Protein chains: 2
Amino acid sequence: MSQPTNETTPQNQIILTGDRPTGPLHLGHFVGSLRNRVAYQHEYKQFIMLADAQALTDNMDDITKVHRNVVEVALDYLAVGIDPTISTILIQSQIPELAELTFYYLNLVTVARLERNPTVKAEIVQRGFERDIPAGFLTYPASQAADITAFKAAIVPVGDDQIPMIEQTNEIVRKFNRIANREILVEAKAVVPEVGRLPGIDGRAKMSKSLGNTINLGASADEIRAAVKMVYTDPLHLRVDDPGHLEGNVAFIYLDAFDPDKEKLAEMKAHYVRGGLGDSVVKKRLEAVLQELLAPIRARREEYAQDKGQVLQMLKEGTAKAREVAARTTDEVRAALGLTYF
Amino acid sequence: MSQPTNETTPQNQIILTGDRPTGPLHLGHFVGSLRNRVAYQHEYKQFIMLADAQALTDNMDDITKVHRNVVEVALDYLAVGIDPTISTILIQSQIPELAELTFYYLNLVTVARLERNPTVKAEIVQRGFERDIPAGFLTYPASQAADITAFKAAIVPVGDDQIPMIEQTNEIVRKFNRIANREILVEAKAVVPEVGRLPGIDGRAKMSKSLGNTINLGASADEIRAAVKMVYTDPLHLRVDDPGHLEGNVAFIYLDAFDPDKEKLAEMKAHYVRGGLGDSVVKKRLEAVLQELLAPIRARREEYAQDKGQVLQMLKEGTAKAREVAARTTDEVRAALGLTYF
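Conventions adopted
- The numbering scheme is per chain: residues are counted from 1 as the chain's sequence reads.
- Key to labels: chains lettered from A, ligands numbered from 1, both in the order written.
- The predicted origin of the model limits local features to residues at a pLDDT of at least 70 and limits the giving and counting of side-chain atom pairs to 80 or more, whereas totals for whole chains, interfaces and linings rest on all residues.
- Hydrogens and water molecules were not included; the side-chain quantities draw on all heavy atoms of the structure.
- Counting from the N terminus, the helices are DSSP H or I runs at least four residues long and the strands are E runs at least two residues long.
- All radius of gyration figures rest on C-alpha atoms, and the globule criterion is 2.2 Å times the number of residues raised to 0.38.
- The contact criterion used throughout is that any non-hydrogen atoms of two residues lie within 4.5 Å.
- All accessible-area figures derive from a Shrake-Rupley calculation using a 1.4 Å probe, and residue coverage is judged against the displayed protein chains alone.
- In this count, Lys and Arg are taken as positive residues and Asp and Glu as negative ones, while His and the chain termini are left out.
- Where a charge sits is defined by one atom per residue type, namely NZ (Lys), CZ (Arg), CG (Asp) or CD (Glu).
- What counts as a domain boundary in this text is fixed by an automatic or database domain assignment.
- Defined in terms of a 1.4 Å probe, buried area is the accessible area two parts forfeit on being brought together, summed over both.
- Stacked, tilted and edge-to-face are the three classes applied to pairs of Phe, Tyr and Trp rings, where Trp contributes its six-membered ring and a pair requires centres within 6.5 Å; stacked means planes under 30 degrees apart, edge-to-face means over 60, and tilted covers the rest.
- To sort residues, take the accessible area from a 1.4 Å probe on protein chains only and compare it with the maximum for the residue type: under 20% means buried, over 50% means exposed, and anything in between is partly exposed.
- In this comparison the copies share one frame, found by least squares on the C-alpha atoms of residues holding pLDDT of at least 70 in both.
- Think of a salt bridge as a Lys or Arg side-chain nitrogen and an Asp or Glu carboxyl oxygen that are within 4 Å of each other.
- Polar contact is defined as a pair of N or O atoms within 3.5 Å, subject to the rule that within protein one atom must be able to donate a hydrogen and the other to accept it, and that residues adjacent in sequence are counted only when both atoms are side-chain atoms.
- Only the stretch in contact is used when a helix axis is fitted, and all axes are lines through C-alpha atoms; the angle between N-to-C directions ranges over 0 to 180 degrees.
- Roughly parallel covers angles under 35 degrees, roughly antiparallel covers those over 145, roughly perpendicular covers 65 to 115, and oblique covers all other angles.
- By the definition used in this description, the sense in which the near helix is turned from the far one sets the handedness, with an anticlockwise turn below a right angle giving left-handed and a clockwise turn giving right-handed.
- Pairing between strands is defined by DSSP: at least two bridges between them are needed.
- Here a crossover is taken to be right-handed if, once the strands point away from the viewer, the path from the first strand over the helix to the second is traced clockwise.
- We call a set of buried Ala, Val, Leu, Ile, Met, Phe, Trp, Tyr and Cys residues a nonpolar core when their side-chain atoms join them within 4.5 Å.
- Take the residue count of a helix, subtract one, and multiply by 1.5 Å to get its expected span.
- The angle between axes fitted to the seven residues ending at a residue and the seven residues starting there is what we call the bend at that residue.

1. With respect to the overall build of chain A
Then, number 1: The number of helices and strands found in chain A is 14 helices and five strands.
Then, number 2: For a compact globule of 342 residues, the expected C-alpha radius of gyration is about 20 Å, and chain A comes in at 22 Å, within 12% of that figure.
Then, number 3: The C-alpha extent of chain A, read off along each of the three principal axes, is 80 × 45 × 45 Å.
Then, number 4: Expressed as a percentage of contacts within chain A between residues at least 6 apart in sequence, the contacts between residues at least 24 apart total 77%.
Then, number 5: With an accessible surface of roughly 15,100 Å², chain A has 52% of that area assigned to carbon and sulfur atoms.
Then, number 6: Taken together, the 40 basic and 46 acidic charged side chains of chain A have centroids lying 2 Å from each other.

Given below as structure tokens:
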């Protein structure tokens, strides 16, 4: 067996990220992934996947939603500073090789193993599937393995709840390489970003469009203002003079995440805790920070949105480039399985 | 909703047949399907699939077997008189659209429904998978639905044990057309050929290479002779004068299937039943019949086998032609799911 080449420079290492295009991206995505991707694109070869085919798994009842949001999410990418000349942005469904790899990988994983996958288990409960799980949902780890391995991604940033998915990908990689008797596929490393999940404006643990507690990246100034007004703070902080609490206080969690003036923020926190600082002052600061953060993003988003044809052209080029890579891998996989004839 | 056009002439109706290329074809295939296909090709538009990707589902431990047998089975097709200028012979793995359709159809069927499929259930027991079913095996009805619908096959000849597979395909067709809100996919009709299963030479119900009880289509004269010697007859027919039994008597079952002289056969049967006709006489007749049946098939097989490059070229052309049809269907499916962007 040939030695895998681990001596690649980081610049040659491939990183795969992506989103299910089911709605506009929000501050939670910005903190948890988008901000990192803007940095990653200078450090790695970055592929960013718009996982539209994957999104259909549980959106067969609303297929236009997925189609519509592909361009919307691409606009979010461009708006936050992802540069399509150095990152490759691709649309999953337009690369049939990903379905082909999924098809082969389904032979490398048992039903029992899929059912034991903790991420799949949790999501089955969360989505309320019970016994009526679409087969495409149970087999989704094989599809994710196809996405990761098609580009030979060595690094995959994920939330900690997704680590079992990467483990399952690597099991498939090892099993396939054993059958092929050479190192064709590459094992991926799950990287969990330092900054975790941003809570929703209502204080719930997760900012999520289905919970209606988001601030979208394309939010207007008025929408930001209205959202900040609703931000959950300290329910025990009834009068200005009362001592306030920081734990679970979304206003301060957001300020921690976004306020560039850490010194002033530390002073505000101390003042709030000893009493005498009203929520309205905190929220005024939060609004200023968010308006400043989101104004240029919104402006760029609006600019790009004026020429959606150009955005589609960018997606077409990125997808074509990504498809070449995926097709090369798929050729190798097919050949290793003895499925080359002509 | 538009009316499906049922007023097509039979000549325009599409029929899909095929085999898993895991070994040479034998008399069981000849009786159960090949003979019919030679007739079908004049009555319908016939697609014949070499299901190599499907065969991998439970042959991941012996992938060269599948590769090797693709050409062997194609030789069997040509040898029995399937004419590639009127039948379209295709290699499944070389049409990635089939994997793509499978991927989408997985969203249209639940795990519970797949687990209830009687054909899948029976084959899980037969292959001894128990809990460790490869996911590709459980989801195989979605793959079969892809194969059938890609070519818009209206007729699928199957053994009676495969009828639930066609039912499941039609469920997927109806579900998809409902989502698409138009009749894109075509429901298929399962046709069970009159002549059913041929028993093995050892008297077991099924002729099957894994049971080692076959007579292959390419068998040499010596192999045919040796096989006929082993053919199971009537274990109670110990002396020539004993009355013989026809039930379960493989020699007579084969004569029923292949002897063109029905009158003489009827006489032989009567003689055998009343006693006085030895097995050696019956087997001599059987050998003559089989030698006559298989000699021209073997000769044609050997002729084609001399130029495997030409066989591959035929497969390449058939596959390209079939791929065009599958690609058109897949375009329609993708468009109906909102997965068309450029």
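2. Quick word on the domain arrangement of chain A
Residues and elements named next belong to chain A.
Then, number 1: Along its sequence, chain A is organised into domain 1 (10-198 + 308-336) and domain 2 (218-302).
Then, number 2: Computed from C-alpha coordinates alone, the two centres of domain 1 and domain 2 are separated by 34 Å.
Then, number 3: Contact with domain 1, which involves twelve residues of that partner, is made by nine residues of domain 2.
Then, number 4: Three residues, Leu27, Ala79 and Leu198, lead the burial of domain 1 against domain 2; their summed loss comes to 51% of the area buried on that side.

3. Re the packing of aromatic side chains
Residues and elements named next belong to chain B.
Then, number 1: Enumeration according to the criterion identifies 14 aromatic pairs over all chains in this entry.
Then, number 2: Seen from their ring centres, Phe103 and Tyr104 are 5.9 Å apart, and the 90° between their planes marks the pair as edge-to-face. No difference in accessibility class separates Phe103 from Tyr104, as the two residues are buried.

4. Description of the relation of the copies chain A and chain B
Then, number 1: Between the two copies, chain A and chain B, the superposition gives an RMSD of 0.0 Å; the rotation angle is 180° and the shift along the axis is 0.0 Å. Both copies of the chain, as the preceding transformation shows, are related through a two-fold rotation axis. Taking C-alpha positions as the reference, the residue of chain A nearest the rotation axis is Ala99 of chain A, at 2.9 Å.
Then, number 2: An overlap of 100% is found between the interface residues of chain A and their copies at the interface of chain B, pointing to a shared contact surface.

5. Details of the interface of chain A and chain B
Then, number 1: Every contact between the two is made by 48 residues of chain A and, on the other side, 49 residues of chain B.
Then, number 2: Counting each side, the surface lost to burial between chain A and chain B is near 4,500 Å², with a carbon and sulfur contribution of 69%.
Then, number 3: The interface formed by chain A and chain B includes zero salt bridges.
Then, number 4: Scanning the region where chain A abuts chain B turns up 14 residue pairs in polar contact (both at pLDDT 80 or more).

6. Comments concerning the side chain of Asp76 of chain B
All names here are of chain B.
Then, number 1: Relative to the helices and strands, Asp76 resides in helix H3 (residues 63-80).
Then, number 2: When its relative accessible area of 1% is taken as the criterion, Asp76 is described as buried.
Then, number 3: The contact partners of Asp76, leaving out residues within four places of it in the chain, are Pro24, Leu25, Leu217 and Arg301.

7. Describing the pattern of salt bridges
Then, number 1: One pass over the structure, following the stated rule, counts 36 salt bridges over all chains.
Then, number 2: Close ionic contact of Asp58 of chain B with Arg20 of chain B constitutes a salt bridge, the shortest N to O distance being 2.5 Å. On the criterion of sequence distance, the pair formed by Asp58 of chain B in the loop between helix H2 (52-56) and H3 and Arg20 of chain B in the loop between strand E1 (14-19) and helix H1 (27-43) is long-range, its members being 38 residues apart.
Then, number 3: Its relative accessible area of 21% is what places Asp58 of chain B among the partly exposed residues.
Then, number 4: Put simply, Arg334 of chain B and Glu100 of chain B hold a salt bridge, and the shortest N to O gap is 2.7 Å. Linking Arg334 of chain B in helix H14 (residues 308-336) with Glu100 of chain B in helix H4 (residues 97-105), this pair joins segments that are 234 residues apart in sequence.
Then, number 5: With relative accessibility at 14%, the residue Arg334 of chain B sits in the buried group.
Then, number 6: Assessed through its relative accessible area of 2%, Glu100 of chain B is described here as buried.
Then, number 7: Through salt bridges with shared partners, a single ionic network connects Glu72, Asp76, Arg301 and Lys308 of chain A.

8. Here we look at the packing of helix H11 (residues 250-258) of chain B against helix H12 (residues 262-274) of chain B
Residues and elements named next belong to chain B.
Then, number 1: The interhelical angle for the contact between H11 and H12, taken along N-to-C directions, is 165°, at an axis separation of 10 Å. In terms of orientation, H11 and H12 fall into the roughly antiparallel class. Remark: the crossing between H11 and H12 carries left-handed chirality. Contact with H11, carried on its side by Phe252, Leu255 and Asp256, involves Lys262, Leu265, Met268, Lys269 and Tyr272 of H12 and no other residues of that element.

9. A word on the pairing of E1 of chain B
Residue and element names in this part refer to chain B.
Then, number 1: E1 sits mainly inside the fold: five of its six residues count as buried.
Then, number 2: Pairing of E1 with strand E2 (residues 45-50), which is carried by six bridges, proceeds in the parallel orientation. Bridge pairing in E2 links Ile15 to Gln46.
Then, number 3: Of the crossover connections in this fold, the one passing from E1 over H1 to the parallel E2 is right-handed.

10. What about the environment of Lys283 of chain A?
All names here are of chain A.
Then, number 1: Within the secondary structure, Lys283 is located in helix H13 (residues 279-305).
Then, number 2: Owing to a relative accessible area of 16%, Lys283 belongs among the buried residues under this scheme.
Then, number 3: C-alpha of Lys283 to C-alpha of Arg20: the two residues are 263 residues apart in sequence and 32 Å apart in space.
Then, number 4: Excluding its chain neighbours within four sequence positions, the residues that come into contact with Lys283 are Val228, Lys229, Met230, Val231 and Thr233.

11. Considerations on the nonpolar core
Then, number 1: Counting 214 residues, the largest nonpolar core has Tyr105 and Phe151 of chain A together with Tyr105 and Phe151 of chain B as its most contacted members.
Then, number 2: When neighbours within four sequence positions are excluded, Phe151 of chain A is seen to be in contact with Ile14, Leu16, Phe47, Met49, Leu90, Ile95, Leu98, Ala322, Val325 and Ala326 of chain A.

12. Focus: H1 of chain B
Residue and element names in this part refer to chain B.
Then, number 1: Given a rise of 1.5 Å per residue, 17 residues ought to cover 24 Å, and the 23 Å separating the end C-alpha atoms of H1 matches this to within 8%.
Then, number 2: Bending of H1 peaks at approximately 45° at the position of Ser33.
Then, number 3: Buried within H1 are the following residues: Leu27, Gly28, Phe30, Val31, Ser33, Leu34, Arg37, Tyr40 and Gln41.

13. A word on the side chain of Asn59 of chain A
Residues and elements named next belong to chain A.
Then, number 1: By the secondary structure assignment, Asn59 is in the loop between helix H2 (52-56) and helix H3 (63-80).
Then, number 2: Reaching out from Asn59, the side chain makes a polar contact with the side chain of Asp58 at a distance of 3.4 Å.
Then, number 3: Setting aside anything within four residues of it in sequence, one finds Asn59 in contact with Arg20, Thr22, Lys65 and Val66.

14. Description of the environment of Ala335 of chain B
Then, number 1: You can see Ala335 of chain B is positioned in helix H14.
Then, number 2: In sequence terms Ala335 of chain B and Pro260 of chain B are 75 residues apart; their C-alpha atoms lie 53 Å from each other.

15. Things to note about unusual backbone geometry
Then, number 1: The phi torsion at Lys152 of chain A lies on the positive side, around 50°, for a residue other than glycine.
Then, number 2: Residue position: Lys152 of chain A is located in the loop between helix H8 (140-150) and strand E4 (155-157).

16. A word on helix H8 (residues 140-150) of chain B
Residues separated by three or four positions in an α-helix point in the same direction, a consequence of the helix having 3.6 residues per turn.
Then, number 1: Across the eleven residues that make up H8 of chain B, a large majority, eleven, are buried.
Then, number 2: Of all the positions in H8 of chain B, only Tyr140, Pro141, Ala142, Ser143, Gln144, Ala145, Ala146, Asp147, Ile148, Thr149 and Ala150 of chain B are classed as buried.

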